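Remarks on the overall topology
Residue strings, one per chain:
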Amino acid sequence: MLQREVPYLRPPLATLVLIACVCIPFLQLGAQGARRSARKLPKIDMKLSGPTTLRPGESLESTIFQALLTNRSAVPLLLFVRSGILMNARWDWSVTDAKGTPIGMAFEPGRGFCGTPITSPEAEAEARHLRDDDLLVLAPGESHEFSVLPGPSDDYSFPSAGTYHLAVTLTYVPPNADHYFDERGKRQRAFGLEQWDLSRLGVDQFAALTNSLSIQATSDTWNLELPSRRGPKQGLIFNNIPVQPH
C-alpha cells in the first residue's frame, strides 16, 4: 500500500526572524563565558566630545562631556545602564597642554564608581535590584553614547591661556564582580563597588551578566580652548553661586 507523504509545514519567515532576534543576543552572551579566557578584555573604541571652550569662572567639573563607545569585538557586550547612565563605571581624566605636558593639580580627588544615590533606606534597597531592562547589549560594531560624570576636576591648574588636550579612561566592572582587567590585560581587584541584587533577572539575563566582561579603554583627545589662565577652583560659579577656593 502506498503511503502518502505529509508535507512539512514551515512556520512563517517573520516568526523565525522574531524568535532569532529575541534569543540570539543573550544566547551569544551566555556562550561568551566559555571564551573569556581567550579574550579577557574586549576591544572598544571611545571618542570624546564636549564644549570647545570654557568661559572664565565656569566650572570644568560640572561641564558635561560625552563618550561614544563602539564595540570592536567579535562578540556582543553586556552593560549595566540605568536612566542612560553607565553604572559601575569610573571615569579618570588626563589633561595636557599643547606640548603634551601633564597639567598639575592642587588636590588629587578620589574618584569612585557610579552607583546608587543614597536616599531613603527603602528606596536604596529597591534600587539595588537589577532588572532585565537595566541591561544593554552592545552588538559588534554598534555604538552607544554616555555622559561622562563628572567632568575634569576643578583642581587642575592651567598656567596660561591656550589649547589643552583632554582624554578620559573608562573602567567598567560588571555587577558584583570582584576584579577587572586593565588595558594591558592584567587582572586588578575592584574596590568601592556596590553589591547588587540579581534575583529579579531572567534566567538568560542572569547567565549573560555573570559571564559578561569588564572594560577598560581610553578615549581619543578633545581640544579645549581657555581664554585665560585658570587656577584651582578660582572664582568658580555653580548654579550662579560664586565658590571661593578653600
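So, here is what we can say about the structure in this document.

Conventions used here
Residues numbered from 1 in each chain as written. Predicted model: local features only at pLDDT ≥ 70, side-chain atom pairs only at ≥ 80, totals over all residues. Heavy atoms only, no water. Pairing = 2+ DSSP bridges. Helix = DSSP H or I, 4+ residues; strand = E, 2+ residues; numbered from the N terminus. Phe/Tyr/Trp six-rings, centres within 6.5 Å; stacked < 30°, edge-to-face > 60°. Buried < 20%, exposed > 50% of the residue type's maximum accessible area, 1.4 Å probe, protein only. Contact = heavy atoms within 4.5 Å. Polar contact = N/O pair within 3.5 Å; in protein donor to acceptor, adjacent residues only side chain to side chain. Core = buried A, V, L, I, M, F, W, Y, C linked by side-chain atoms within 4.5 Å.

Across the sheet, which stays open at both edges, the 3 strands sit in the order β4-β3-β6 with antiparallel pairing between neighbours. Strand pairing shows two members of the sheet lacking a second neighbour, β4 (85–86) and β6 (135–138), which therefore form its edges. Where strand β3 (residues 77–82) meets β4, 2 bridges bridge the pair, whose relative direction is antiparallel. Paired with Val 81 across the bridge in β4 is Leu 86.

In total, this model carries 4 aromatic pairs according to the counting rule given. Judged by centre distance (6.4 Å) and plane angle (50°), the rings of Tyr 156 and Phe 158 are tilted. This pair shows no difference in class: Tyr 156 is buried, exactly as Phe 158 is. Here the aromatic rings of Phe 158 and Tyr 164 are separated by 4.8 Å at their centres, their planes lie at 80°, and the arrangement is edge-to-face. Assessed through its relative accessible area of 1%, Phe 158 is described here as buried. Taken together, the ring pairs connect Tyr 156, Phe 158 and Tyr 164 into an aromatic cluster.

Quick look at the environment of Asp 134 now. Position of Asp 134 relative to the elements: it lies in the loop between α2 (121–127) and β6. Separated by 51 residues in sequence, Asp 134 and Ser 83 place their C-alpha atoms 8.5 Å apart. Contacts of Asp 134, omitting those with residues within four sequence positions, involve Leu 79, Phe 80, Val 81, Arg 82 and His 129. A distance of 2.9 Å separates a polar atom in the side chain of Asp 134 from a polar atom in the side chain of Arg 82.

Grouped together as the largest cluster of nonpolar side chains are 42 residues, with contacts concentrated most on Leu 86, Trp 91 and Leu 170. Residues in contact with Leu 170, not counting those within four places in the same chain, are Met 46, Leu 69, Leu 86, Ala 89, Arg 90, Trp 91, Ile 215, Gln 216 and Ala 217.

Before going further, it helps to spend a moment on unusual backbone geometry. With omega at -5°, the peptide bond leading from Leu 149 into Pro 150 counts as cis. Following the sequence through the fold, Pro 150 ends up in the loop between β7 (143–148) and β8 (162–172). We note that Ser 83 has phi near 55°; this positive angle belongs to a residue other than glycine. Positionally, Ser 83 belongs in the loop between β3 and β4. One non-glycine residue, Asn 176, lies in positive phi territory at about 70°. Within the secondary structure, Asn 176 is located in the loop between β8 and β9 (179–181). Residue classification places Asn 176 among the partly exposed positions, given a relative accessible area of 29%.

Function-wise, these values are silent; they only describe arrangement.
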